[in-house]
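# Descriptive analysis of the structure
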Amino acid sequence: MEKMAASSDIREKLRKKRRALQDTLVKNKNEDDIQALVPSAKFNVDNQPTAMKEAEGSDEDPGESLRRTLRAQREKRKTKLLEQSFVQDEDVGEVSPTQYNSPNEGPSSRVDDSVVSTRPPTGSQRGVSVKSEQPSSSLHLDTFVTRHLQEKLRAARSKGESLQQQETSRDSSEPVSRLQRLKDRDTITRFDREADPTSSGRDDDPLTLRARVKFREPARRVEKDFPTTEEAYNFFTFNYEPDRPSKPESKSRKRQKQRDGVEEDDRDENGQEEAEVEEEDEAEEDNQDQNEFQSEEAPLVRNEDDLFVIDHSPQDFVEVRKAEYVGLKKRVQRDRELLFTPSFRTVPTSVKLPENTKPRFLEEEGLYVGQRPAVSLTNENISENRILKMAEGSKWFGDDGKILALPDPIKESSTRPPLFHMDEELDPALQTVYRKAMKSQYANLYIAGATDPEGDYQLDVDVSGLIFSHHPLFSREHVLASRLAQLYDQYLSRQQNNLAGHLTEKLNGLRKALRNMMRIHGEQGSSEALQHRISEYSLEVRNTRQLRDLEQEKDRTLLRSIIKVWKEIKSLREFQKYTNTPFKLFLRRENVDRALDEWEYEGEILKEVLELEAESEEQYQKKLAEYNKQLEEWKLWRKKQKAKRKKKKKKKKGQTQDDTEEEEQEEEEEQDQTESEDPFEEAPVKPEVPERPDIGSLEQWVREKASRIRRKPGEAILVPELCTSGGVTASDLCPRAEIARREDVSRRSLFIKILYNYKEVSRTDSRSLSTDFRVHFGQIFNLKVLNCPHSINLQVFEEIGSSYSLLAQVFVPVPDPSVVTGRAPIEEIEFSSNQHVMFDHEGVGSDVPLSFESDGSNKLTLLTSGKLSCCVSWGIGEEGVPLAPPLSQHPGGTHRGLGHLDAVSYIGASGLYDMKKIGEWAVQSRLDPNDPKNTSIMHLLKVASSGEVTDPDYFRLEHLQEEFNFVSDQEMERSKRFRLLRLRNQEAPEFRNYKFVSLLEREVSDKVFQDYEKRLKEGETIDTRQHLDPHRAVVAKYLQQIRESVINRFILAKHHYQLSDLVIEEEIPSIGILGINLFKLAESKRPLKPQRKERKKVTAQNLSDGDIKLLVNVIRAHNIPIRKPQSSKPGQSSQSAVQGSDWYLSQVQVRPFVEVSFQRTVLQTTTADGPNPSWNEELQLPFNAPNGDYSTGSLQSVKDEVFINIFDEVLYETGPGDKSRATSIHTQIEKHWLGSVKIPFSTIYSQSKIDGAFKVNTPAVLLGYSREHSSTSVYDQWRSTQGGTFVRLFITVEPQLVPGESIREKIKEAEFNSQEDERLLQASEKFEKHAAGGYPDRPCITTVIDLSGKTIFITRYIRPLNPPREFLDAFPNNPQEATSLVARYVSLIPSLPDQVSFSATCDLLSTCDQFLTLLAGDEQEHAVLLCNYFLFLGKKAWLIIGTAIPEGPTAYVLTHEQSGYFIWNPSSGQFYEKGDTFCPLQTVGCLVNSDNVWFNIQENPSPLHTNFDITKAKMWKPFFSRSFSHPGLSSVQPEELAYRQTDKAAAAELQDRVEKILKEKIMEWRPRHPTRWNRYCNTTLKQFLPKLEQGRGQDVAESHRVELQNLLGDYRISGFPLHLPFSEVGPIIEAVHSTGVHNIHSSNVEFALAVYIHPYPNNVLSVWVYLASLVRT
Amino acid sequence: METTSNSSVFLLTVNGQIEGANFPDYDNLYCKYCYVYGHDWAPTTGLEEGITQITSKSSQSHKLIWNFPLETTFKSTNPSGWPQLVVSVYGPDVFGNDVVRGYGATHIPFTPGQHIRTIPMFVPEPTWRLQKFTGWLLGRRPEYTDPKVVAHGEGREVTRVRSQGFVTISFHIMTKDMKRMGYDTGPTNSSTVQSATSSQSRDAQ
């Protein structure tokens, strides 16, 4: 504001200066430039006072014109803004030619440049634009001004203009004076604007200044005619400060001081204008300034014209003075006068508040006081002081004596979340993305998928006016008048409708038709149809007549009441002696032809009477007919009665009487009978004869009616006419009460608010209530509609003075889209209000009882009511397009709400609607099928009737599922591709890892499903062919089923993830581990004795073929059998043994090597020497998972075993060849099997590494080898007593696979149900957890899972059970023998690890009878059975849960006998003493018997160091203790085991089959060589086998071997018996294959093979295979 | 298992590059990537896995730039199991131990054309606070057993993760025979819209 004012001021001054200059120039134009300037300047100086005076004098005029022009300018502002750009272009054109006109072109243009460069950036900036715009904007000025300016332009805008610019620049480049001046100007401008009288002082001030500064230049020019560029520059940049004349300055200052005072007063007055100015835009500001300026200048210019043209010269403006020094003191004083410095001190509260009031403390009063914004105390004091100086300053202070302040608006925390700052850019995710603004779809509820989203709709609300039918301010006369008006309106509308007339005509027509019909058909006799029609017609006539009578009566009463009301009004007017309403009622009389009228009247009556007669006659006839009918019935009934009575009479009296008498009697008796005898049988009442209608009375009734409802014949027709021509009595003639009423009326005004969807959108102007209580608004409101219209509401407000109240609301119906502005009629909508209003003047009030009777009776209560005439319609667009929503999209369809119920029926046209009902309705309402309005309904009905459409009477869970099925279910079933995909998804074993399901249906081959289907089929049938033993087949089948069910359980568990499945995390380190870790830091990097480091485990899922390798590190072996010296003669063997020492030294005892075969990959070590070789070799065998599936489950089910076979490499010289006899020796290598170790892959997988010495399975008899050593060393001797060969191995899988996680935990989560007590389960869980925590390497089992998946406490399995009878009977006196027999029996049951059978490490423990039925189980089952047998035999036995080599966690059996503790390996049947170092059991975890479980808490868990005294609490921690006693768990085992004898014949048969199969296999394995069987040898071997069985594999066959050698004589024989428990043929074949006997390729080799199967009870079979190779020497 | 050599397949070629990452707190990071895809997919050419160079932030820019090219072609018979790119970022911690700095995965875009994906990265959180400390001390943060875990939904509910930063990857996708096989993923106008808006935003800036 100030700035603007300042700039405008500057501009103003500039203008003036320019004008002045121009004028002088104009004046001197014809003179020589150089000469002219000088004198004119002088002249100016001289005349300066005059000029001032002139300016002063002319001020009055400009003041006036200024105001005028200002107004004009403001109005034009807008248009100017638009033209601005155009105008500016023009300016350039205009200005430039003027410059060419200038006499000294060169300097001026140079000056121009410099002006630009030296101009300071602020303040004067605007001057330029103003300058350039000035001429153009002048175009818009008054014609006067325009003319004026044009004149000037034409005349003299040459050099002067450039000079002006210099002035500007000089002005602004005076930094010191500028500040001061700006201030001065500021105040001046304010006055300018309003053109105050005080502004007179202003004009001289700028003039002086102007004069002073301005024409220094011309003055200089006098001295130096043509300044150089340099000079010009200096000139412009020079500071002219010292030239300032002090006198006018101070003078003006004084004036300003005065003005300051005035100004502050004026400020408020000017407030409004200032505010207005402030509102203008920046751009407008320029404009405005300019306008103002021009308007200001206009009058000045005019004056100047007169002034300067005549007697001014440039000298007038120039004043040369010395600089004047103003003393400091003086200046300070002056400053003090001018300046106000508010004090820092606190203002006392009393000053701030109005007098005699105490400050309130709002907060203490309990009012809410917001937090004030923080302002420093000093600043607050300053501003308070400042405000107090102002006029009305105290209004800025509140009651509490503080400056009024709004609560602190600053939020405490920033609402914007902090962004973390990258240098150049934000996070890409946080980057701002420009999106075009979009119209919200939802706001526009009209557009439910409409075509035109841009469509805007417009509702036009036309509020035309309002008429009150009652208003509280009604006088009594008004009440009557309005009633009259209403009645008259009614009358008019009735008249217009003329219902009575219509009905009369109709009646006449009907009568005529009836008459015609009677006449035409009367003679011909009436047919049935005709009769019917006639009766219909007469019925119609009757109805119409009644209706007509009703209407006529109404007309008549209406007319009467009109007249009555009018009379009341008249009497009221007379009574009150003034009239209030202009109503007047005229009754126009229309005379009628009396004769005609009477004739008509009579005729009408006659007709009516006739009709009525006919009707009553007809009615009578009807009644009569009915009577006759009833009479008939009655007679019939009486006859029956009579007959009855006759019979009775005959019985009673037995006599006959006269007929007449009888009849009379009958009459009498009949009465009696009906009453007495026949009370049960309802007698029809004897009908009464209907009365004949009274024709005479009819006519009278008709006449009476006619006289009531009809004009009397000959009477004139009265036509009422209401007009408002009557005068209203003037107010001064009325009584005071009436005057008060009228004044009240005139005070009232009304307006109407328009509410759209309950939101006020507009309101009408307030119109005053006229004396006739009508209000005319006549306003149309255009509502742009975006939201769907729900309601349009007009609220009528009454305004009295400044307050207004709601009178009534009117709801206007939303128009149909077809209702368009212009076509819609104005509707009158009635409204009323139940406000209770009472007045003390003539106004009757509202809701006040009112009576017109003199006695006050017949009161009526009137409520404010009226009619609002308005019209709501859809607007029309520019091209006449209705701005209405499309018809079809009209909301609120009936289907909308219902559609939600069933989406399917909503989508399809299926029947949600009850079609039947619609159809019925259509029939009932007799819809016109041809009416275009009904087409949709008819169409719907047609469609519906064509097909059966029913409303679903069920609930759909997923509404649209069917709609989204991309193929039908049948197709899904049929498609091979979909089937494949589904099977894979279901993880069917065959398809679990099926890759590349073909894209096209036809590319899926049928072969894919063959396996799967075969498996499904096999599920039902048991294939006995594959199993040699039918029993085993059944068992295998059963096992398979269990396996599947368990797998299904585990599928759930497998998808149950734990954190450790997903995230590898460091264990929570205990202090100890932390210490170790710290210790590790100091550890040497390359220790001398490196330890095996934990390898990183690899999850199985991202492995593929070839990634996994099985590492077998064969370290060394002990006690390998050595060769016996071969002798051609049988008797020499012993001899050779005798002379052994020599031979021993010279001859190699044995050259063993180890061959490892896995998955048919065979690798072997180098050959070593001696019975105790050391290989220390690592063999790498590749591993391939079945089906390439490396998932954990799949790996666990790998059944492959690692065979580690020890062979002896034997070299034979085959004798010299025929040709190169002298030069070469042919040697043949043979390998002789010495023994093997089998390790199942599942064990390796689950334990991840196997390290230890394994006992080699050596055959009982090894032909050609002996275990006897001639060595005498103590060590060897001791070893030999152990009688076993050992091999030390380290086996692992590379990379280390994550072993199948113990699913035990998962099973618990998967909630395998349990029958155990919850407390017991919790205790066992706690016990196991505790054990695992304290001794992580000791297995502890308290609960196991049985075959049905239930958790069972382990002690329940232990129970004494009877072994087969024959074992007990075999050695009745030798319990030791029986024990070993039992152990052997148990070991003959095939072993099958649970991992293999159930594809996951899950301890499933079957009971002993199940075990014996299944004939397969893992070590635990063996151990349980053995333990139970031992218990039966009366031994003290326990189950040992521990770890062993190579099984890993396993179960052994502990027995306690006199000689000490024995540990039994249930799978092999061997027992070890407690101190045996070669016992495979490594750790003892816990002991289990039927009573309790003890956990081993001794330091060293190896059986060697374990004390098995379970009573010692320090060594064994019992599960059941005093705190948790044994709850008496019953056993799950059966009480007794039943055994059945195995069929020996079947065993023999099986034996033959096995032998045959094996022979075939061996031949098959030797495809290139002939396989010859030595029959003799076969039979010999066969004889050995039963003996071996009897000896239970003990080395008892030495004699037989000798015998064999004797028999075979010339053969070099090597062979051995294999002993296996029988499960299937496969393992036997595998075992035979692994011995590699078939690999002997020498040409003269012969083979011998014998099989013996020994049956034990319950189909436990012991299989012996004797295998030998013979080479003829 | 059974390769259907003559059966019809469609091809998906992924070109592009791992452009860089934005890890405000870490420096000297490298990135590993691998693809995860369903049974019906097989890579035909290109590297399935890769490891980028170690990059460090410059003084001007705080972005890590790898510009590591990806170029792989897949063949498939079924859009189910559409390949996902799994990236994991590693870098040294204060003690110089290599620890994981983030895992992230994104589906390869369906539509042919150029795409830029910004993958938010996260790491699993230690279970215990003590573990967090020791993990920090010993340089062994919790890691996923397999980075491919992040491409699957199963079992994720047991983990807790913390977000770390972003990796930006640009893709150029080509497909062959998709449309012929009845899968229409042709470029919708979304890509053009995207580019338009981005240019607009650039203009706006």
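Reading guide: rules and limits
- Residues numbered from 1 in each chain as written.
- Chains lettered and ligands numbered in written order.
- Predicted model: local features only at pLDDT ≥ 70, side-chain atom pairs only at ≥ 80, totals over all residues.
- Heavy atoms only, no water.
- UniProt positions renumbered as here; feature names shortened; annotations may be inferred.
- Helix = DSSP H or I, 4+ residues; strand = E, 2+ residues; numbered from the N terminus.
- Buried < 20%, exposed > 50% of the residue type's maximum accessible area, 1.4 Å probe, protein only.
- Contact = heavy atoms within 4.5 Å.
- Areas by Shrake-Rupley, 256 points an atom, 1.4 Å probe, with all protein chains shown as cover.
- Patch = residues over 30% accessible without salt bridge, like charges linked within 9 Å, V, L, I, M, F, W, Y side chains within 5 Å.
- Salt bridge = Lys/Arg side-chain N within 4 Å of Asp/Glu carboxyl O.
- Axes fitted to C-alpha atoms, helices over the stretch in contact; angles between N-to-C directions.
- Parallel < 35°, antiparallel > 145°, perpendicular 65-115°, else oblique.
- Left-handed = near helix turned anticlockwise from the far one by under 90°.
- Nonpolar A, V, L, I, M, F, W, Y, C, P; charged D, E, K, R; others polar.
- Pairing = 2+ DSSP bridges.
- Lys, Arg positive; Asp, Glu negative; His and termini not counted.
- Charge placed at Lys NZ, Arg CZ, Asp CG, Glu CD.

An unreviewed UniProt entry lists chain B under the name B9 domain-containing protein 1, from Poecilia formosa. Per its UniProt entry, chain B bears the Subcellular location (unreviewed entry) comment "Cytoplasm, Cytoskeleton, Cilium basal body". Quoted verbatim from the Function (unreviewed entry) heading of the UniProt record, the comment on chain B is "Component of the tectonic-like complex, a complex localized at the transition zone of primary cilia and acting as a barrier that prevents diffusion of transmembrane proteins between the cilia and plasma membranes. Required for ciliogenesis and sonic hedgehog/SHH signaling."

An unreviewed UniProt entry lists chain A under the name Coiled-coil and C2 domain containing 2A, from Poecilia formosa.

What follows deals with the overall build of chain A. When its secondary structure is counted, chain A shows 52 helices and 36 strands. The proportion of buried residues among the 1673 residues of chain A is 45%. Summarising the internal contacts of chain A: among those between residues at least 6 apart in sequence, 76% fall at separations of at least 24. Carbon and sulfur atoms make up 52% of the accessible area of chain A, which amounts to about 93000 Å² in all.

In this section: a nonpolar patch on the surface. Residue and element names in this part refer to chain B. Taken together, the side chains of Val 94, Phe 95, Trp 128, Leu 130, Phe 133, Trp 136, Leu 137 and Leu 138 define a hydrophobic patch exposed on the protein surface, amounting to about 840 Å² of accessible area. Examined against the element boundaries, Leu 138 turns out to sit in helix α1 (residues 129–138). Leu 138 gets classed as partly exposed once you look at its relative accessible area, which sits at 32%.

Our next topic: unusual backbone geometry. Residue and element names in this part refer to chain A. Despite not being glycine, Tyr 758 has its phi angle at roughly 65°, a positive value. By the secondary structure assignment, Tyr 758 is in the loop between β4 (748–756) and β5 (759–763). Backbone geometry at Asn 1119 places phi at a positive 60°, although glycine is not the residue there. The topology assignment puts Asn 1119 in the loop between β15 (1109–1118) and β16 (1122–1123).

In this section: the packing of helix α49 (residues 1544–1565) of chain A against helix α52 (residues 1625–1635) of chain A. Residues and elements named next belong to chain A. At a minimum axis distance of 11 Å, the contact between α49 and α52 shows a crossing angle of 45°. In terms of orientation, α49 lies oblique with respect to α52. Where α49 crosses over α52, the handedness of that crossing is right-handed. On α52, the residues that touch Val 1554, Ile 1557, Leu 1558, Lys 1561, Ile 1562 and Trp 1565 of α49 are Val 1625, Ile 1628, Ile 1629, Val 1632 and His 1633. Along the lines of polarity and charge, the residues of the contact of α49 with α52 split into nine nonpolar, one polar and one charged.

So, about the side chain of Ser 1236 of chain A. Among the structural elements, Ser 1236 of chain A can be located in strand β21 (residues 1227–1240). For Ser 1236 of chain A, the residues in contact, after removing those within four places along its chain, are Ile 1204, Asn 1205, Val 1256 and Asn 1257 of chain A.

Before going further, it helps to examine the sheet that holds strand β19 (residues 1174–1182) of chain A. Consider a sheet: its strands pair through backbone hydrogen bonds, and that pairing is either parallel or antiparallel. Residues and elements named next belong to chain A. Read across the sheet, four strands follow the order β19-β15-β24-β22 without closing on themselves; strand pairing throughout is antiparallel. Pairing within the sheet leaves two strands with one partner each, and these edge strands are β19 and β22 (1249–1256). Pairs of neighbouring strands in the sheet enclose a mean axial angle of 20°, with direction left out of account. In the sheet, β22 pairs with strand β24 (residues 1285–1294) via eight bridges, with the strands oriented antiparallel. Looking across to β24, one finds that Phe 1254 is bridged to Val 1287.

Residues and elements named next belong to chain A. Relative to strand β30 (residues 1470–1473), strand β29 (residues 1460–1465) is paired through four bridges, and the arrangement is antiparallel. The partner of Phe 1462 across the bridge, within β30, is Glu 1473. Between β29 and the antiparallel strand that follows it, β30, lie four residues; Gly 1469 among them carries a positive phi value of about 80°.

Residues and elements named next belong to chain A. A cluster of basic residues, Lys 512, Arg 515, Arg 519 and Lys 607, forms a positive patch at the surface. Considering the arrangement of structural elements, one finds Arg 519 in helix α20 (residues 499–522). Taking relative accessible area as the criterion, Arg 519 reaches 54% and is therefore assigned exposed.

Moving on to the pattern of salt bridges. Residue and element names in this part refer to chain A. Applying the stated rule across the entire model yields 42 salt bridges over all chains. Its salt-bridge partner being Arg 545, residue Glu 611 comes within 2.7 Å of it at the nearest N-O pair. Here Glu 611 is found in helix α22 (residues 594–652), whereas its partner Arg 545 is found in helix α21 (residues 528–576), with 66 residues between them in sequence. For Glu 615, the salt bridge is made with Arg 545, and the minimal N-O distance between the two is 3.4 Å. Placement of the pair is Glu 615 in helix α22 and Arg 545 in helix α21, with a sequence separation of 70 residues. For the pair shown, Glu 615 and Arg 545 are each scored as buried.

All names here are of chain A. Summarising the element assignment, Glu 1535 is placed in the loop between β33 (1516–1518) and α49. Separated by 176 residues in the primary sequence, Glu 1535 and Arg 1359 place their C-alpha atoms 8.3 Å from one another. Filtering out sequence-adjacent residues up to four positions away, Glu 1535 remains in contact with Arg 1359, Pro 1360 and Leu 1361.

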